[in-house]
Amino acid sequence: MASGTFNDQTREVSELADTGSSAQDSLGASEEPSWLLQGDFGTDMTAVKKACGLHLPDLQAFADGNLAGAEVLVSKILDSPNSFEDWIALIKLFEADESHRCELRTIYENFLGEFPLCWGYWKRLADLEQHLHGPASSTAVYERGLKTVPASVDLWVQYCESVRSTVDGEPELQDGLRQLYERALGVVGRDWRAFPLWESYLNFEESLGCWNNFAKLLKRALAVPMHGLQSVRVRLRALVIGDACPPLEELCSELEERPIPVKVAHEQLQTSSNAVCQMQTENHPAEAAEREEGEIEEGEIDEGDEGVTQDDGQDAKPNNEILQADEPEQVKGQQQQQQQQQQQQQQQQQVKELAVQELPAQVPKSIPSDSLRAHFLQLWETGLGATTEEAARLREFESPLQRHYFHNKPLSNSQVDAWHKYLDFEESRNPRQFPRLCALYERCLIVTNNYLAFWLRYARVLEQEDGQIKEGTGFVDSGIERACALLKKACLSGRLLRRPDALLAWAEYEEQCGRLFRARALLDGALNNCGKGSAELSLRRAALELRAGDHQRFGELLQHYAATASDLGVRSALSRRYAHFCEDTLRQPNQACESLQSAWRVGCRDPALALELASLIMRSAPSENESKLDTLSQSVNIFEESLNWIMQTGSPATEGEAGHLWSIYVDFLIENGAPLALLRSVQARARTFRAQISATCAGSIRKPGSGATTSCTKHGQSFSVPCQLPSAKRAKIAEERTPNVNHSGSSGARGLAASTSTGGPSMLQA
């Protein structure tokens, strides 16, 4: 009845949790985009829309100026939903005014939709729900939070403590709380920082005076290599041999209480028997000496020859006949005494056996308490040495970790490296402990949530364990399916919200699982929303059709994405890729040339496009000499126009690009046999340009001997490069200014162009 009451509340809580999580998601469900319907996402459709960026936080009701400053903060958040600082400022504004608690609840809900790993705000929302609607609503909040981040020890502790505060004084709910503690230990009980959870459970059992459960829990905690292991040992010793320790019978289970005291009883009886013999020797020395002398004489008789003897050739008689003939009275008395002693020893042995058989029911009375307690303590600490050794080994990797919670601020390089080393250590175990490794990854992904490289690394581990997990463990059979489920959960739970790189990774696993329709839907959703205009996503979407064998659809998509791209760099990259496809696959150089010229007409003037267009014109030229000269003249005009455009821009960021263009201009003339006069003229102009750049850079040198630098831009971030660089270096600088596009369309999600903003820090690490 007790546990049933708690379970009934838990079922109600689950319904409340599902209702609360879907209330906000019901907005805008009437009109669904076509790409979303093609994905067949079922009940996940609303979450997919949110992951792609179709849903914004529901904060319009707070933009009416009820509180001073709220309107400005709400406007900033709607423009940039991942602005963590603006969210915190808005929360503090409403927390300061107790008259807006209902509004504060809505703000908490929207904030946790953007940052679901902030366990402290789950606790604040749960406390607010308990104040407004009672314990059931508070429990529902905790269940929702743990569904999103089950590896959070802190959230489990707060959940258990919250339920415990309602269980105090309610004995019928205590079993339900034990079930909750056991559920928490099953998820995070072996975590390095799980000691607060163990301590909370121990305090609960100790407060009830359930010493048997308390002792069992202590023994389980001693087997976990965690941060507070020594504190658990101190607590166990205080329980067993402390000044105010409870009776030993209340600490021992039946299985432990019976065999171990028998062993102790054997030792006690042996000690008592030896003591009795010693006392008899001291109290009756004459009898002891006589008994000892009789034993010696008996030994001498036993050592005599049992055969016959010969004397001077006469027949010998057996020794026993001689003894029977001439046996003195003294020897007869000794034999009788020896027989009596043997009978006494047999009786003592029988007494010992009977005592051992009847011992378990009388152990606490017959064995000294101190010996028994010491014996039990030694038994319970048997495996402590191995656990301590493992804890010391883990401490080497735990010590460098400074952050054990989620924060939107990026980690330092040393912290990222520390996590990679820790994961390397766990993966190198032989044999690999897969549940333990997964638990470490789950904990790691709380801290490194914004780093897609850690998600992809975990997915690779799940792939490698394919076929090595037994059925019934809760894992999907296929390793690819497990990896796909991991990326799906990351996107739909809000942990990687509006991240085109994460959606791309998920789409790749869906394709690998054979669900091409869903991969298409995910990529289309990203291109229409959070990744709109991304060259990388456009190429990946088209490459999916190429892998499916639909070359026509591949060309159509490339042509469409190139024609609709608003960014000139993206259009140039996509047009060049489409031109390669037309020339190499379709064998239509004219269509390829038209694609490049179309990009040129709209204003694309980057060196890569100029080189592609000029080279294609030369390859398409007739073989006659006059026609070749005309074609070369067209190619020269392309380079000249590109140089004029770069020089008119006049920004320092284009100086490295101009140097690269001069280099490829000269190389192009040499490779295509340009007239010598033209070649010399271009070379002279190139040298003049380099001299001007060198003179400009020389005036900005601050320290003697330091190389002159010029400012360049990569994905919106300025950096400095040497002025007079080799042509290969200049080429690299110019390429860094173009979108990160893979022309083959076959690389992984980790190569997603950083120009595609995710609203948060771009933290992709291959």
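Before going into details, it helps to say that this report is about the structure given with it. Everything numeric in this text was worked out from a predicted model, so none of it was measured.

The subject of this paragraph is the overall build of the chain. Scanning the chain for helices and strands turns up 36 helices and two strands. Split into buried and exposed, the 766 residues of the chain put 44% on the buried side. Across the chain, contacts joining residues at least 24 apart in sequence account for 60% of those joining residues at least 6 apart. Summed over all atoms, the accessible surface of the chain reaches about 39,900 Å², with 48% contributed by carbon and sulfur.

Moving on, we get to the pattern of salt bridges. Between side chains of opposite charge, a pair can form when the charged atoms approach closely. Considering all chains together, one arrives at 35 salt bridges under this definition. Of the charged contacts, one joins R443 and E398 as a salt bridge, the two residues approaching to 2.7 Å between their closest N and O atoms. Here R443, found in helix α23 (residues 434-447), pairs with E398, found in helix α21 (residues 384-398); they are 45 residues apart in sequence, far enough to count as distant. The same class applies to R443 and to E398, which are both buried. The partner of E583 in a salt bridge is R619, with the nearest N and O atoms 3.0 Å apart. With E583 in helix α30 (residues 568-584) and R619 in helix α32 (residues 607-619), this residue pair connects regions lying 36 residues apart in the sequence. Sharing partners across several salt bridges, the network here consists of E389, E390, R393, E426, R429 and R436.

What follows concerns the packing of aromatic side chains. With the rule as written, the count across this model stands at 21 aromatic pairs. On the basis of an interplanar angle of 15° and a centroid distance of 5.2 Å, the ring pair of Y142 and Y159 is categorised as stacked. Remark: Y159 occurs in helix α9 (residues 153-167) and Y142 occurs in helix α8 (residues 135-148); sequence separation between them is 17 residues. Taking relative accessible area as the criterion, Y159 reaches 2% and is therefore assigned buried. Chaining the aromatic ring pairs together yields one cluster made of F84, W87, Y108, F111, F115 and Y121. Between R605 and the ring centre of W600, over which it is positioned, the NZ or CZ distance is 4.2 Å.

Where helix α28 (residues 535-547) contacts helix α29 (residues 551-564), the axes come no closer than 7 Å and their chain directions differ by 165°. The orientation of α28 with respect to α29, classified from their angle, is roughly antiparallel. At the point where α28 passes α29, the crossing takes the right-handed sense. Contact residues: α28 offers S538, L539, R541, A542, A543, E545 and L546, while α29 offers H551, R553, F554, L557, L558 and Y561.

Now for the side chain of N110. Here N110 shows up in helix α6 (residues 101-114). Under the relative-accessibility criterion, N110 is labelled buried at 4%.

A separate point is the packing of helix α12 (residues 211-221) against helix α13 (residues 229-241). Running from amino to carboxyl end, α12 crosses α13 at an angle of 145°, the nearest separation of the two axes being 9 Å. For α12 against α13, the interelement crossing comes out left-handed. Where α12 abuts α13, its residues W211, F214, A215, L218 and A221 lie against L229, V232, R235, L236 and L239. Here the residues of the contact of α12 with α13 are counted per class, giving nine nonpolar, no polar and one charged.

This part is about the side chain of R429. Summarising the element assignment, R429 is placed in the loop between α22 (413-427) and α23. By relative accessible area, which is 16% here, R429 ends up buried. Those residues in contact with R429, other than ones at most four positions away along the chain, are E390, L394 and R436.

Bringing unusual backbone geometry into the picture now. Omega for the bond connecting N430 with P431 falls within 30 degrees of zero, at 5°, which places this linkage in the cis form. One can find P431 in the loop between α22 and α23. Look at R498: it is not a glycine, yet its phi comes out positive at around 55°. Inspection of the secondary structure puts R498 in the loop between α25 (479-492) and α26 (500-512). According to the relative accessible area criterion, R498 is buried, its value standing at 11%. Backbone geometry places R587, a non-glycine residue, at a positive phi of 60°. Note on placement: R587 falls in the loop between α30 and α31 (589-601). Of the residues examined, R587 reaches a relative accessible area of 64% and is grouped as exposed.

Conventions adopted
- Residues numbered from 1 in each chain as written.
- Predicted model: local features only at pLDDT ≥ 70, side-chain atom pairs only at ≥ 80, totals over all residues.
- Heavy atoms only, no water.
- Helix = DSSP H or I, 4+ residues; strand = E, 2+ residues; numbered from the N terminus.
- Buried < 20%, exposed > 50% of the residue type's maximum accessible area, 1.4 Å probe, protein only.
- Contact = heavy atoms within 4.5 Å.
- Areas by Shrake-Rupley, 256 points an atom, 1.4 Å probe, with all protein chains shown as cover.
- Salt bridge = Lys/Arg side-chain N within 4 Å of Asp/Glu carboxyl O.
- Phe/Tyr/Trp six-rings, centres within 6.5 Å; stacked < 30°, edge-to-face > 60°.
- Lys NZ or Arg CZ within 6 Å of the ring centre and 35° of its normal.
- Axes fitted to C-alpha atoms, helices over the stretch in contact; angles between N-to-C directions.
- Parallel < 35°, antiparallel > 145°, perpendicular 65-115°, else oblique.
- Left-handed = near helix turned anticlockwise from the far one by under 90°.
- Nonpolar A, V, L, I, M, F, W, Y, C, P; charged D, E, K, R; others polar.

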